[in-house]
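Each chain, written out:
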Amino acid sequence: AKFEIKDNNISVAVIETNLEGEAKISGLPVGVYTIKEITAPEGYALNDTTYVFEIKPDGSIIGTTNIPNNRISVTLYKKDAETGKLLQGAQFIVKDKDNKIVIDGITNENGEIVINKIAAGQYTLQEVAAPKGYDLNTKLYTFTVNEDGTVSGTTEIYNNKSDAPTEPTNPPAEDGKPNDDNKID
């Protein structure tokens, strides 16, 4: 993550966190400062709250310097087109803007797939296997994950029930008797 530190609305530093999520700065004089996240770590929502901290003459710091982030998650749903019932067993593939597969998953007993820690960006959603008893939905859908973690676009896919398979029939001959010529062995 990257943070901007300001003194009286004037930028005095931009700092970036290390792999442990920590960022350090030295040399700031005694005073009151604001700190705001300007770039979130991948898979996390941008925290747009401005926090205030103060450096005291003894070097101690009071105020907020530990900035929380919330993971971005997206829930995909599979539903019956007629009843809206959530359906287990649909297989979805989600691809990013570079056509790289982000997830290949199957809806759970609640008819959902939850993607945790997904980066902001645009994605395509495709059903590749329908739940048992349902037709495959062949449409390609898109959704967008915004920097603030909100999601727009389609994250619910609906399926129609499959027509029940019919057994082949052996039509009768013209005289009404069974027609052995049309028998299927």
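Scroll up a little and you will see the structure.
Residues numbered from 1 in each chain as written. Predicted model: local features only at pLDDT ≥ 70, side-chain atom pairs only at ≥ 80, totals over all residues. Heavy atoms only, no water.

1. Regarding the packing of aromatic side chains
Threshold: For Phe, Tyr and Trp, where Trp contributes only its six-membered ring, two rings pair if their centres lie within 6.5 Å, and the inter-plane angle classes them as stacked under 30 degrees, edge-to-face over 60, or tilted in between. Helix and strand assignments follow DSSP, with helices taken as H or I runs no shorter than four residues and strands as E runs no shorter than two, numbered in order from the N terminus. Throughout, exposure labels follow a simple rule: accessible area from a 1.4 Å probe, protein chains only, divided by the maximum for the residue type, with under 20% read as buried, over 50% as exposed, and the rest as partly exposed. By definition, being over a ring means that NZ of Lys or CZ of Arg is both within 6 Å of the ring centre and within 35 degrees of the ring normal.
Scanning all chains against the criterion turns up two aromatic pairs. Seen from their ring centres, Tyr 123 and Phe 143 are 5.5 Å apart, and the 20° between their planes marks the pair as stacked. One end of the pair, Tyr 123, is in strand β10 (residues 121-129); the other, Phe 143, is in strand β11 (residues 140-145), and 20 residues separate them in sequence. Residue classification places Phe 143 among the buried positions, given a relative accessible area of 1%. The positively charged end of Lys 79 is found above the aromatic ring belonging to Tyr 77, 5.9 Å away from the centroid.

2. Thoughts on the pairing of strand β1 (residues 2-7)
So the rule is basically this: Strand pairing requires that DSSP identify at least two bridges connecting the strands.
Judged from the five bridges that link them, β1 and strand β3 (residues 31-39) form a sheet pairing that is antiparallel. Residue pairing across strands places Lys 2 opposite Thr 39, the latter belonging to β3. Strand direction decides the pairing type here: β1 and strand β2 (residues 10-16), joined by six bridges, are antiparallel. Looking at the pairing, Lys 6 lines up with Ser 11 of β2.

3. A closer look at the nonpolar core
We count it as follows: Nonpolar cores were defined as sets of buried Ala, Val, Leu, Ile, Met, Phe, Trp, Tyr and Cys residues, with membership established by side-chain atoms within 4.5 Å. Contacts: residue pairs with any heavy atoms within 4.5 Å of one another.
The biggest cluster of nonpolar side chains holds 17 residues, and the ones touching the most others in it are Leu 76, Ile 118, Leu 125 and Phe 143. Of all elements in the fold, only β6 (73-80), β7 (91-95), β9 (112-116), β10 and β11 reach the threshold of two or more residues within this core. If one sorts the elements of this core by residue count, β11 sits on top with three residues. For Ile 118, the contacting residues outside a window of four places in its chain are Gly 43, Ile 72, Ser 73, Val 74, Tyr 123, Phe 143 and Val 145. Ranked by size, the runner-up nonpolar core spans 12 residues in total, among them Ala 1, Phe 3, Leu 28 and Ile 67.

4. Let's talk about the pattern of salt bridges
Condition: Any carboxyl oxygen of Asp or Glu that lies within 4 Å of a side-chain nitrogen of Lys or Arg is treated as forming a salt bridge with it.
Across all of its chains, the model carries five salt bridges by this definition. In this structure, Glu 127 and Lys 78 form a salt bridge, with 2.7 Å as the shortest nitrogen-oxygen distance. Linking Glu 127 in strand β10 with Lys 78 in strand β6, this pair joins segments that are 49 residues apart in sequence. Lys 78 matches Glu 127 in its accessibility class, with the two residues each being buried.

5. Digging into the sheet that holds strand β4 (residues 50-55)
The test is simple: Here, axes are lines fitted to C-alpha atoms. For helices the fit covers the stretch in contact, and angles between N-to-C directions go from 0 to 180 degrees.
The sheet built from five strands is open, its strands ordered β2-β1-β3-β4-β5 with antiparallel pairing. On the outer flanks of this sheet lie β2 and β5 (61-63), each paired with one strand and no other. With direction set aside, neighbouring strand axes in the sheet form an average angle of 30°. As defined by bridge partners, β3 adjoins β4 across six bridges and the pair is classed as antiparallel. Residue pairing in the sheet places Lys 36 in a bridge with Thr 50 of β4.

6. Overview of the side chain of Lys 79
Examined against the element boundaries, Lys 79 turns out to sit in strand β6. Other than its neighbours up to four places away in sequence, Lys 79 contacts Gly 84, Lys 85, Leu 86, Leu 87, Glu 156, Ile 157, Tyr 158 and Asn 159.

Functional significance is not addressed by these values, which are geometric in nature.
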